[in-house]
Amino acid sequence: MPIDATKPYDDQNIFAKILRDEIPSSRVYEDEWAIAFHDINAQAPIHILVIPRGRYVSWDDFSAHGSAEEIAGFIRAVGTVARDAGLVPRGYRLLANTGRQAGQEVPHLHVHLFAGQPLGPMLAR
């Protein structure tokens, strides 16, 4: 169910629990700024989620309140995950949903990294 990205951060969201190791994940990357793991409901042959360690509801929240170091570290982490997975030569897609109309379901900023097949048009019609 889509969430309201203008609401305060919820410490009980699934990604907060993954960050606290209360829920297992198949991590492929972690550093001081971010973690990345395989999505359990993969929408492409390769579907990795990258989340910042900080308490940010959405891209809007992160860009408005994250420190320069957090933002740079997170963006570098996304690129590192794509390179380490060997996705650059064939291509990949990044997606970050913000709010109800975009279909954001978890109130913690996350970037979807899709690859492994032709991904089709930008938006489904």
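Before any of the text, the structure's been laid out above.
Computed from a prediction, not measured in an experiment: that's the story for all the values here.

Each value, and the rule that gives it
Residues numbered from 1 in each chain as written. Predicted model: local features only at pLDDT ≥ 70, side-chain atom pairs only at ≥ 80, totals over all residues. Heavy atoms only, no water. Pairing = 2+ DSSP bridges. Helix = DSSP H or I, 4+ residues; strand = E, 2+ residues; numbered from the N terminus. Axes fitted to C-alpha atoms, helices over the stretch in contact; angles between N-to-C directions. Contact = heavy atoms within 4.5 Å. Polar contact = N/O pair within 3.5 Å; in protein donor to acceptor, adjacent residues only side chain to side chain. Salt bridge = Lys/Arg side-chain N within 4 Å of Asp/Glu carboxyl O. Buried < 20%, exposed > 50% of the residue type's maximum accessible area, 1.4 Å probe, protein only.

### Quick notes on the sheet that holds strand 4 (residues 93–95)
Neighbouring strands of a sheet are bound in pairs by backbone hydrogen bonds; such pairs are parallel or else antiparallel.
In step 1: Strand order in the open sheet made by the five strands is 1-2-3-5-4, with antiparallel pairing throughout. This sheet does not close on itself; its edge strands, each paired only once, are strand 1 (27–30) and strand 4. Recorded for the sheet is a direction-independent mean angle of 20 degrees between the axes of neighbouring strands.
In step 2: Note: strand 1 against strand 2 (residues 34–38), three bridges, orientation antiparallel. Considered in strand 2, the bridge of Arg27 is made with Phe37.
In step 3: Taken strand by strand, helix 3 (residues 68–84) contacts strand 1, strand 2, strand 3 (46–52), strand 4 and strand 5 (111–115), and its axis lies near 160 degrees from that of strand 3.

### Some remarks on the environment of Asp61
In step 1: By secondary structure assignment, the location of Asp61 is in helix 2 (residues 59–65).
In step 2: Between the C-alpha atom of Asp61 and that of Ile51, which follows or precedes it by 10 residues, the distance is 13 Å.
In step 3: Discounting residues that sit within four places of it in the chain, Asp61 has contacts with Arg55, Tyr56 and Gly66.
In step 4: A polar contact is formed between the side chain of Asp61 and the backbone nitrogen of Val57, at a distance of 2.8 Å.

### A word on the pattern of salt bridges
In step 1: This model, assessed by the stated rule, comprises six salt bridges.
In step 2: Asp4 is paired through a salt bridge with Arg100; the nearest N and O atoms lie 4.0 Å apart. Here Asp4, found in the segment before helix 1 (14–19), pairs with Arg100, found in the loop between strand 4 and strand 5; they are 96 residues apart in sequence, far enough to count as distant.
In step 3: The exposure class of Asp4 is partly exposed, given its relative accessible area of 22%.
In step 4: One salt bridge connects Asp21 with Arg27, and the closest N-O pair in it is separated by 3.0 Å.
In step 5: On the basis of relative accessible area, Arg27 is assigned to the partly exposed category, the value being 26%.
In step 6: Through salt bridges with shared partners, a single ionic network connects Asp21, Arg27, Glu30 and Arg53.

### Quick word on the pairing of strand 2
One face of the sheet, then the other: side chains in a regular strand alternate in exactly this way.
In step 1: Counting buried positions along strand 2 yields four of five residues, so the element is predominantly enclosed.
In step 2: Taken together, strand 1 and the strand that follows it, strand 2, pair antiparallel across an intervening segment of three residues.
In step 3: Inspection of the sheet shows strand 2 paired to strand 3 by five bridges, in the antiparallel sense. Within strand 3, the position partnered with Ala34 by the bridge is Pro52.

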